[in-house]
Amino acid sequence: MPDLDTVVREISEEMAARADRGTVADYIPELAHVDPNRFGIAVVQADGRISAGGDSEVLFSIQSISKVFTLTLALGMIGDRLWRRVGREPSGNPFNSIVQLERERGVPRNPFINAGAIAVTDVILSGHEPREALGEILRFMQFLSKDPTVTIDEKVAASERRTGFRNSALAYYMKSFGVIENPVDYTLGVYFHHCAIAMNCRQLATAGQFLVHNGMNPATGFNVVSPERARRINAIMLTCGHYDGSGDFAYRVGLPGKSGVGGGIFAVAPGKASIAVWSPGLDAAGNSHLGRIALERLTQRMGWSVFGV
Ligand SMILES: NC(=O)CC[C@H](N)C(=O)O
């Protein structure tokens, strides 16, 4: 097998030099300021060794990658009852699509499109104040990343709260079917804030390690989730993690992964490695353009695709 440090260095060099960088998301105004020339990668292998390159220490807005962790928390709270509130089929639609929600009577297709993640956030919020629910999510990220400095970028959260009209539409629509239990403003407030968590590639790859180790957190030796649940979260990432680009991501990269409009992608090579890449420019489906290409290179060279070498 090729040396991982060499592969990561070569990928970082190639990505830094490429001219095709995709388009930075600007529907959340605060995200539009991010430099499209950034590229970072961090890979935590099963034995804990870290290979990193480029801007792997620069913080970025994790956006929809937070949905993996809120799904994990919500499953921990209400278990399989969650699947009454949200489905687990790929959507084949953009991440903020409204049409599907009407056809399916307010029950979102999966926990990774915006509507689904808002419904999952509502589950975490029930029985708590918004501040407590958000604290729960943030502490979970700090614990998993072994870094108590992980925090929320308030400017990004405020920017999305000012302009998140589509998410409001989705939430009110779900509320009309009883899928949202709490006041819509509260649920959206928590949702916008967990999307605005700022992390770097190293912290994110560290946080995702439990999905590499059948649910076990290697720092403590204890399980964050059961092996069965870890396998299922990975399955949902594979089928739904890149919205209507999920099929192409499976075809090219072959790993469970979750993207965010901040340009991050978190990916899992089960039993082998936890990976985070970041490049702010997006493709047409809203997934990091160079992030995907970098992961394609990595899995090809390391033979890490879950579908074979
Ligand atoms: N794809 C994403 O990362 C979307 C998350 C973003 N906070 C939104 O709701 O639009």
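Please read these numbers as outputs of a predicted model, since none were measured by experiment. Here the residue numbers are simple positions, counted from 1 along each chain's written sequence. Owing to the predicted nature of the model, reporting of local features is limited to residues with pLDDT of at least 70; listing and counting of side-chain atom pairs is limited to 80 or more, with chain, interface and lining totals taken over all residues. Side-chain measures were taken over the full set of non-hydrogen atoms in the model, leaving aside hydrogen atoms and water.

## Details of the sheet that holds strand β9 (residues 273–278)
Pairing is antiparallel across the open sheet formed by 5 strands, whose spatial order is β3-β2-β9-β8-β7. The strands lining the two open edges of the sheet, one partner per strand, are β3 (50–54) and β7 (257–259). Across the sheet, the mean angle from the axis of one strand to that of its neighbour is 10 degrees, orientation sign disregarded. Being paired, for any two strands, means DSSP has found at least two bridges between them. Secondary structure follows DSSP: runs of H or I at least 4 residues long count as helices, runs of E at least 2 residues long count as strands, and numbering of each begins at the N terminus. One ladder, built from 6 bridges, connects strand β8 (residues 264–269) with β9; its direction is antiparallel. Among the inter-strand pairings, Gly 264 is bridged to a residue of β9, identified as Trp 278. Should any heavy atoms of two residues lie within 4.5 Å, those residues are considered in contact. Only C-alpha atoms enter the line fits that serve as axes; for helices the fit covers just the stretch in contact. Angles between N-to-C directions range over 0 to 180 degrees. Along the sheet, helix α1 (residues 4–17) contacts β2 (40–45) and β3; its crossing angle with β3, the most-contacted strand, is approximately 15 degrees.

## Description of the sheet that holds strand β6 (residues 197–199)
Spatially, the 3 strands line up as an open sheet ordered β4-β6-β5, and their pairing is antiparallel. With one partner strand each, in any of the chains shown, β4 (60–61) and β5 (151–152) form the two edges of the open sheet. One ladder, built from 2 bridges, connects β5 with β6; its direction is antiparallel. The residue bridging Ile 152 from the neighbouring strand is Ile 197, located in β6. Across the sheet, helix α5 (residues 130–145) touches β5 and β6, and the angle it forms with β6 is around 10 degrees.

## Remarks on the pairing of β3
Both β2 and β3 contribute to a ladder of 5 bridges, which runs antiparallel. Across the sheet, Val 43 pairs through a bridge with Ser 51, a residue of β3. Counting the residues that bridge the hairpin from β2 to β3 gives 4 residues, and of these Gly 48 lies at a positive phi of roughly 95 degrees.

## Notes on helix α4 (residues 114–125)
Taking 1.5 Å per residue, 12 residues should reach 16 Å; α4 reaches 16 Å between its end C-alpha atoms and fits that length. Counting buried residues along α4, 12 of its 12 residues qualify, which places the element largely inside the surrounding structure. For α4, the elements touching its buried residues are α2 (66–78), α3 (99–103), α5, α7 (165–176) and α8 (184–195). Of the residues one or two after α4, Gly 127 is the one with positive phi, at around 85 degrees. Any helix carries an expected span of 1.5 Å times its number of residues minus one. Using a 1.4 Å probe on the protein chains alone, a residue whose accessible area is under 20% of its type maximum counts as buried, one over 50% counts as exposed, and one in between counts as partly exposed.

## Observations concerning the site of the ligand
Near, as used in this document, describes a residue that has one of its heavy atoms within 4 Å of the molecule or strand being considered. Around the ligand sit Tyr 27, Gln 63, Ser 64, Phe 95, Asn 114, Glu 160, Asn 167, Tyr 191, Cys 195, Tyr 243, Gly 260 and Val 261, and that is every residue in its neighbourhood. Separating an oxygen atom of the ligand from a side-chain N or O atom of Tyr 27 is a distance of 2.5 Å. In this structure, Tyr 243 approaches the ligand through a side-chain N or O atom, which is 2.8 Å from a nitrogen atom. Only the protein chains shown count as cover for residues, and the accessible areas themselves come from Shrake-Rupley with a 1.4 Å probe. Protein chains bury 99% of the 300 Å² of accessible surface belonging to the ligand in isolation. A molecule is said to occupy a pocket when more than half its atoms come within 2 Å of that pocket's grid points, and by this definition the ligand occupies the second largest cavity. When residues of the shell around the ligand are sorted by domain, at least three fall in each of domain 1 (4–60 + 199–302) and domain 2 (64–197). N or O atoms within 3.5 Å of each other form a polar contact, as long as, within protein, one can give a hydrogen and the other can take it, and as long as residues adjacent in sequence are counted only when both atoms are side-chain atoms. In this analysis, the protein atoms alone were mapped onto a 1 Å grid. Cavities are point sets where a 1.4 Å probe fits without being able to get out; pockets are open sets with protein on both sides within 12 Å along at least five of seven lines; lining residues have an atom within 4 Å of a point. Occupancy of a cavity or pocket is assigned to a molecule whenever over half of its atoms lie within 2 Å of that pocket's grid points. Boundaries of every domain are those given by an automatic assignment or by a domain database.

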